[in-house]
Amino acid sequence: MNPFPNFILIKKSGMFVTQFKRAPFVRLLPPLVAGILLQHYLHFTLLPLFGCMVLATVLLISMQFWGKRLVFVLKWGRGVLVFFLR
Amino acid sequence: MGSLALYVYDARNGPGWLGGVLADSSVLQAVLLEPPVERAASWKVLARVQAQSVNGRQADCFGKVLLYFAKDSIDLQLQYGSRLLLYNKLQCVAAAGNPGAFDYRAYCARNNIFYQADLRSADWHLLAGNEGNWLMAALLRTKQYCLSLLRTYVRGEQASGLAQALLIGYREELERDIVQAYTNTGVVHIIAISGLHLGLIYVSLLWLLQWLPEKVWVNWTKVLIILMVLWGFSIITGASASVLRSAVMFTMIAIGQFLLARHTNIYNTLAASAFLLLCYNPYFIADVGFQLSYLAVLSILLFYKPIYACWELKWVWTDKLWQMVAVSLAAQLLTIPVCLYYFHQFPNLFLLANLVAVPLSTAILYGEIFLVIFGGVPLIVGWLGKAVEWGIMVMNFAVDWLNRLPFAVTDNLWMNGYEVMLLYGLTGCIAVWWLMKQKYAFFISVGVWLVLAAMHTGNQLRAQRQRLLIVYQLPRQKLVALVDGQRQQLIGDTLSAQQMNYSVRPVQMYYRLKNDSVAYRRLGNFIQFYHIRLVMIDGRDTYQLSSHKLKTDYILLSHNPHVSIRQLTQQFEFSAVIFDASNHAKRIQHWKNDCKALTLRSFSVPEQGAFVLNL
């Protein structure tokens with residue numbers, strides 16, 4: 001018996017990732033809380049706030065198109081760093 | 001978006017913010033946002049400043065302020081929406097106070113209140129007209145009607161106070177001992193309006209409206225009635241975070257059930273309600289009621305079924321009993337760490353107390369609802385009032401009896417934020433290991449437990465090595481504590497049990513203090529604790545002047561002594577002077593100005609909170 005009927009377990013690269021069925025707000029809530037905490041501790045003024053929002057939007061959109069390439073670049077970047085630091 | 005929500009919510013970022021334009025000699029125009037509430041020495045009311053007038057020139061400004069009217073100055077015509085003119089006597093809300101104690105300034109700041117004023121009759125003038133919202137005024141009149149009914153028909157201060165708290169969350173007439181007993185036994189949630197109340201109303205409304213036919217317009221009417229009653233009740237009770245959580249969730253459930261014909265995912269509904277409420281007021285995130293409400297619901301959703309499935313019972317009544325036990329156990333799993341963090345105690349008898357108090361409070365609540373409905377029929381209301389009174393007396397007796405048992409509560413459980421996070425990690429890992437049969441979670445939980453134990457031990461060792469000198473912030477009182485490890489010595493005025501409980505105990509918890517009596521030297525008003533020397537000058541005592549200058553580290557001035565700072569410099573050689581909260585604000589200001597002129601260090605306890613010196 002699955003004790004959590006609202007969960008789906010996805011086995012992904014050896015790790016279990018738990019997701020909720022059809023629950024968009026469950027995914028929206030953590031970034032909202034993170035934003036509130038950031039503002040509470042860092043006290044951004046309006047300009048950096050809008051700047052961050054624009055940057056986040058651009059990043060999200062570009063991740064949709066360039067996600068795979070970005071991962072490729074990051075992997076290569078890490079490889080290069082490891083090579084030089086070693 | 002979270003950052004933007006908080007930025008927009010914070011009144012200090014708005015144009016015309018009171019704090020940015022406030023002039024010393026201004027006259028303010030304010031509107032009362034609630035009816036005045038009686039306190040021991042004053043009437044307290046929340047108001048919104050709308051404009052200020054400086055030298056005859058009027059300018060718009062806004063900001064919420066707390067007004068304290070002296071008892072002899074209150075005008076009985078003051079009510080919600082009343083307009084006032086008042087001289088600018090605004091001061092910043094008092095500082096955090098003592099370490100580990102409730103931070104009132106931060107609490108007010110989260111509600112966008114940064115100023116308060118003590119007003120006498122000459123400081124304000126009532127203007128004609130009322131600017132209150134008609135709907136809010138109607139709801140407040142309903143609240144007053146309910147309160148007057150309960151005061152009339154439920155006799156006895158204790159029973160009446162609890163009845164008011166149970167029905168509409170009005171806690172001004174609730175006795176503190178009763179609240180403490182309910183807290184100690186883990187049933188305080190029944191006197192805090194929450195999902196239980198709204199759930200009962202929702203189920204009752206569904207039952208009352210079930211005879212209506214299944215048609216589209218009927219469904220719309222049903223939803224409209226349900227929402228009006230639920231939201232009306234929520235506003236009457238003060239719209240606390242837990243009530244709003246329930247109201248938003250039931251709104252979504254009702255709309256999903258009747259208008260969209262969909263069964264919602266309860267996790268999504270829970271998250272959506274949190275999302276909406278945090279967009280409305282981002283500081284709900286720091287509200288204890290908000291945190292406990294969401295954690296309790298999430299905990300029940302996650303753990304109730306697995307716990308209930310552990311034991312299959314054949315008899316219906318034992319099965320019902322087990323269901324209640326399983327709900328109580330499930331609710332505790334995720335709320336324990338937060339409760340330990342805020343209240344530093346664990347109610348050992350919560351299961352037993354909940355088994356008694358939850359059914360009783362449900363019956364009492366229904367009784368109170370009928371009492372309000374039949375308010376115009378004296379015969380029925382009289383009997384209902386008696387029944388409610390008896391029910392409350394039985395519940396109070398049971399809770400009080402449980403509270404008096406020697407093992408009722410485990411207290412002095414201090415946890416910091418990191419320990420709470422680790423405790424949640426531990427709970428999560430054990431849950432995954434137990435319910436999902438994941439072995440790796442067990443090993444992680446062992447690791448988390450080791451880190452938690454190491455952190456706890458480290459904190460304990462630090463507490464054993466600490467040496468502190470503390471001057472408490474207590475209104476009109478002098479109290480100094482010398483702390484050596486986990487022992488302390490209190491020197492100063494005799495305090496009431498209430499002051500000990502609400503002001504001294506949190507400090508003891510914060511520094512993990514256990515025993516009294518510490519070795520120190522005292523000669524008259526001179527104290528030496530290790531290498532630190534303190535001179536205490538009290539306005540109620542008389543002193544002889546010394547012929548030569550004495551060396552000391554700190555001077556503590558209490559109870560308005562008639563000395564000037566210049567006189568002190570002639571008598572003593574010291575590094576700083578401390579003014580405690582037993583002195584008048586004006587005198588402290590005078591001393592502070594003198595210190596500034598003489599380039600001396602000073603510390604004002606009423607303004608800056610308790611003075612804490614690490615030796």
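Since the structure is predicted, the reported quantities are computational estimates derived from the model, not experimental observations.

About the cut-offs
Residues numbered from 1 in each chain as written. Chains lettered and ligands numbered in written order. Predicted model: local features only at pLDDT ≥ 70, side-chain atom pairs only at ≥ 80, totals over all residues. Heavy atoms only, no water. Helix = DSSP H or I, 4+ residues; strand = E, 2+ residues; numbered from the N terminus. Buried < 20%, exposed > 50% of the residue type's maximum accessible area, 1.4 Å probe, protein only. Contact = heavy atoms within 4.5 Å. Salt bridge = Lys/Arg side-chain N within 4 Å of Asp/Glu carboxyl O. Nonpolar A, V, L, I, M, F, W, Y, C, P; charged D, E, K, R; others polar. Core = buried A, V, L, I, M, F, W, Y, C linked by side-chain atoms within 4.5 Å. Polar contact = N/O pair within 3.5 Å; in protein donor to acceptor, adjacent residues only side chain to side chain. Pairing = 2+ DSSP bridges. Axes fitted to C-alpha atoms, helices over the stretch in contact; angles between N-to-C directions. Phe/Tyr/Trp six-rings, centres within 6.5 Å; stacked < 30°, edge-to-face > 60°. Patch = residues over 30% accessible without salt bridge, like charges linked within 9 Å, V, L, I, M, F, W, Y side chains within 5 Å. Areas by Shrake-Rupley, 256 points an atom, 1.4 Å probe, with all protein chains shown as cover. Domains from an automatic or database assignment. Buried area = accessible area lost by both parts, 1.4 Å probe.

Overview of the overall build of chain A
Piece 1. What chain A contains, in helices and strands, is 2 helices and 2 strands.
Piece 2. Overall, chain A shows an N-to-C arrangement of helices and strands of β-β-α-α.
Piece 3. Within the span of chain A, comprising 86 residues, buried residues form 13% of the whole.

Some thoughts on the interface of chain A and chain B
Piece 1. Contacts between the two partners involve 28 residues from chain A, matched on the other side by 23 residues from chain B.
Piece 2. Inspection of the region where chain A meets chain B yields 0 salt bridges.
Piece 3. Residue assignment for the side of chain A that touches chain B shows that the elements contributing at least two residues are strand 1 (7-12), strand 2 (15-20), helix 1 (24-42) and helix 2 (46-85) of chain A.
Piece 4. Per-element tally for the side of chain A that touches chain B: the top contributor is helix 1 of chain A, with 12 residues.
Piece 5. Split by residue class, the side of chain A that touches chain B holds 21 nonpolar, 5 polar and 2 charged.

A short note on the side chain of Ser503(B)
Residue and element names in this part refer to chain B.
Piece 1. Turning to its location among the elements, Ser-503 is positioned in helix 17 (residues 497-510).
Piece 2. Ser-503 gets classed as buried once you look at its relative accessible area, which sits at 15%.
Piece 3. Apart from the residues within four sequence positions on either side, Ser-503 is in contact with Asn-98, Tyr-472 and Leu-474.

Some remarks on the nonpolar core
Residues and elements named next belong to chain B.
Piece 1. Leu-162, Tyr-182, Leu-371 and Met-395 are the most contacted members of the largest nonpolar core, which has 37 residues in total.
Piece 2. The set of elements that each furnish at least two residues to this core consists of helix 4 (134-153), helix 5 (157-168), helix 6 (176-184), helix 13 (350-373) and helix 14 (378-404).
Piece 3. Residue contacts for Tyr-182: discarding those within four places in its chain leaves Leu-162, Val-187, Val-188, Ile-190, Ile-191, Met-395, Asn-396 and Val-399.
Piece 4. Counting residues in each nonpolar core, the second largest holds 22 residues, with Ala-11, Leu-90, Leu-119 and Trp-124 among its members.

Brief notes about the side chain of Asp10(B)
All names here are of chain B.
Piece 1. Mapping Asp-10 onto the fold places it in the loop between helix 1 (2-9) and helix 2 (18-21).
Piece 2. Within the structure, Asp-10 has its side chain in polar contact with the side chain of Arg-12 (distance 2.9 Å).
Piece 3. Those residues in contact with Asp-10, other than ones at most four positions away along the chain, are Asn-112 and Phe-114.

Focus on the sheet that holds strand 15 (residues 521-523) of chain B
Residue and element names in this part refer to chain B.
Piece 1. Ordered in space as 15-16-17-19-21-22, the 6 strands form an open sheet in which the pairing is mixed. Each edge of the open sheet carries a strand with a single partner, namely strand 15 and strand 22 (601-604). Here the average twist between neighbouring strands, direction ignored, is 20°.
Piece 2. Across 4 bridges, strand 21 (residues 576-579) lies against strand 22 in parallel orientation. By the bridge assignment, Val-577 is partnered in strand 22 with Ser-602.

Quick notes on the packing of aromatic side chains
What characterises a pair of aromatic rings is the spacing of the ring centres plus the angle enclosed by the ring planes.
Residues and elements named next belong to chain B.
Piece 1. The final tally for this structure, using the stated rule, is 27 aromatic pairs over all chains.
Piece 2. Ring centres of Tyr-510 and Tyr-511 lie 4.9 Å apart, and the angle between their planes is 85°; on these two criteria the pair is classed as edge-to-face.
Piece 3. An aromatic cluster is defined as three or more aromatic residues linked by ring pairs; in this entry it consists of Trp-17, Phe-62, Phe-114 and Tyr-115.

Concerning the pattern of salt bridges
Residue and element names in this part refer to chain B.
Piece 1. Per the stated rule, a full pass over the model turns up 14 salt bridges over all chains.
Piece 2. Asp-538 is the salt-bridge partner of Lys-478, the closest N and O atoms lying 3.0 Å from each other. One end of the pair, Lys-478, is in the loop between strand 11 (467-471) and strand 12 (479-484); the other, Asp-538, is in strand 17 (residues 532-538), and 60 residues separate them in sequence.
Piece 3. Given the relative accessible area of 8%, Lys-478 is considered buried.
Piece 4. Put simply, Arg-487 and Asp-484 hold a salt bridge, and the shortest N to O gap is 3.8 Å.
Piece 5. For Arg-487, a relative accessible area of 36% puts it in the partly exposed group.
Piece 6. A residue is classified by how much of its surface remains accessible, and Asp-484, at 13% relative accessible area, is buried.
Piece 7. By sharing partners, the salt bridges in this structure join Lys-478, Asp-493, Asp-538 and Arg-540 into a single network.

What to know about a nonpolar patch on the surface
Residue and element names in this part refer to chain B.
Piece 1. Judged by side-chain polarity, Ile-430, Trp-433, Trp-434, Phe-442, Phe-443, Val-446, Trp-449 and Leu-450 come together as a nonpolar surface patch covering roughly 800 Å² of accessible area.
Piece 2. Secondary-structure elements contributing two or more residues to the nonpolar patch are helix 15 (417-436) and helix 16 (439-465).
Piece 3. In terms of residue count, the dominant contributor to the nonpolar patch is helix 16 (5 residues).
Piece 4. You can see Ile-430 is positioned in helix 15.

Looking at the domain arrangement of chain B
All names here are of chain B.
Piece 1. Partitioning chain B into domains gives domain 1 (2-132), domain 2 (199-286), domain 3 (417-465) and domain 4 (468-614).
Piece 2. One C-alpha centre belongs to domain 3, the other to domain 4, and the line joining them spans 41 Å.
Piece 3. Here domain 3 packs against domain 4, burying approximately 430 Å² in sum over the two surfaces, 39% of which is carbon and sulfur.
Piece 4. If you sort the residues of domain 3 by the area they bury against domain 4, Gln-460, Ala-463 and Gln-464 come out on top, with a joint share of 75%.
Piece 5. Linking domain 3 with domain 4 are 1 salt bridge, by the criterion used here.

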